[in-house]
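Per-entry structural report
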Amino acid sequence: MEIKIGIARTSKYAMEYCGDSCDIAERPHGGISAIIADGQGNGLAAHHTSSWVVNKATELISDGARDGAVARAVHDYLYAMKDRKVSCTLTVLSADIDTETVVISRNSNCPVIVKTEEYETVYDDEVGPIGVNRHMKPLIYEVPFEAGMVVVSYTDGIQAAGKKRNSSQADFNKIMGIIRDNTADDVDFIAKSIMDYAIEMDKNQPADDMTVVVMGITDGARVSPKVDTFSATYRV
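Reading the values: rules and limits
Residues numbered from 1 in each chain as written. Predicted model: local features only at pLDDT ≥ 70, side-chain atom pairs only at ≥ 80, totals over all residues. Heavy atoms only, no water. Phe/Tyr/Trp six-rings, centres within 6.5 Å; stacked < 30°, edge-to-face > 60°. Helix = DSSP H or I, 4+ residues; strand = E, 2+ residues; numbered from the N terminus. Buried < 20%, exposed > 50% of the residue type's maximum accessible area, 1.4 Å probe, protein only. Pairing = 2+ DSSP bridges. Axes fitted to C-alpha atoms, helices over the stretch in contact; angles between N-to-C directions.

Some details on the packing of aromatic side chains
Aromatic ring pairs are reported here in terms of the distance separating the ring centres and the angle at which the planes meet. Applying the stated criterion to the full structure yields 2 aromatic pairs. Aromatic pair Trp 52 and Tyr 77: ring centres 6.2 Å apart, planes at 85 degrees, arrangement edge-to-face. Pair noted here: Trp 52 is in helix 1 (residues 43-62) and Tyr 77 is in helix 2 (residues 67-81), with a separation of 25 residues, a long-range link. Residue classification places Trp 52 among the partly exposed positions, given a relative accessible area of 22%.

Following this line, the structure appears as structure tokens:
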């Protein structure tokens, strides 16, 4: 079995710094987690908030903390550090080898989409961001591993694409169509295609920071020795 992750990110038009941050953490009992955060506002201040949140979450996951506890702990840190005046959305997608499940932790106004060969599920229950409400709790979902599974999450720059530039918001059915038309092997292509669609809706001038994260579970080729590969491109 292989776990693939594709990420696409861009900043708001004419902004030097992206207010969204994302990273990947290896889980101590096997598996990986993708962490996505969207700091309040745009620019450098939002970048500092989201990168701090992602770094804290990555550290806690690597230390063995469970995903729900990670969200609560990061919330408590942000709540105290920013005196409950700064919010941040946080989504964690974890492929946990120990339990053979995908664990989803949401504190975001954007959905998490799960597609398998048998079903599609959209997790979009209302939940608040971290950092501002004292008794914040994440929404946790757990889905058994299944070959061919695709899990997609994104920030609100994708969800609201077109609203400011085009007066018509991005069509969720179009995003679902991209996901349906591709497989768990195509995580990079799915992420880029959703990003390209959102940028097109904003007439090539993104009205907000945008991030798309796609996780795929595949049968994978059984090779020896086992080699894990990672790839990243960062443009300045």
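There is more to say after this.
A closer look at the sheet that holds strand 8 (residues 139-144)
If you trace the 5 strands from one edge of the open sheet to the other, you get 2-3-4-5-8, paired in antiparallel fashion. The two strands at the open ends of the sheet, each matched to only one other strand, are strand 2 (20-26) and strand 8. Ignoring which end each strand starts from, the neighbouring axes of this sheet average 10 degrees apart. Both strand 2 and strand 3 (residues 31-39) contribute to a ladder of 7 bridges, which runs antiparallel. Bridge assignment links Cys 22 to a residue of strand 3, and that residue is Ile 36.

Remarks on the pairing of strand 9 (residues 149-154)
Most of strand 9 is tucked away: 6 of the 6 residues are buried. Every second residue of strand 9 is oriented toward a common face, with Met 149, Val 151 and Ser 153 on one face and Val 150, Val 152 and Tyr 154 on the other, all of them buried. Bridge count for strand 6 (residues 112-115) against strand 9 is 4 bridges, and the pairing is antiparallel. Paired with Ile 113 across the strands is Val 152, a residue of strand 9. Here 6 bridges tie strand 9 to strand 10 (residues 210-218), and the two strands are oriented antiparallel to one another. From the neighbouring strand, Val 152 faces strand 10, where its bridge partner is Val 214.

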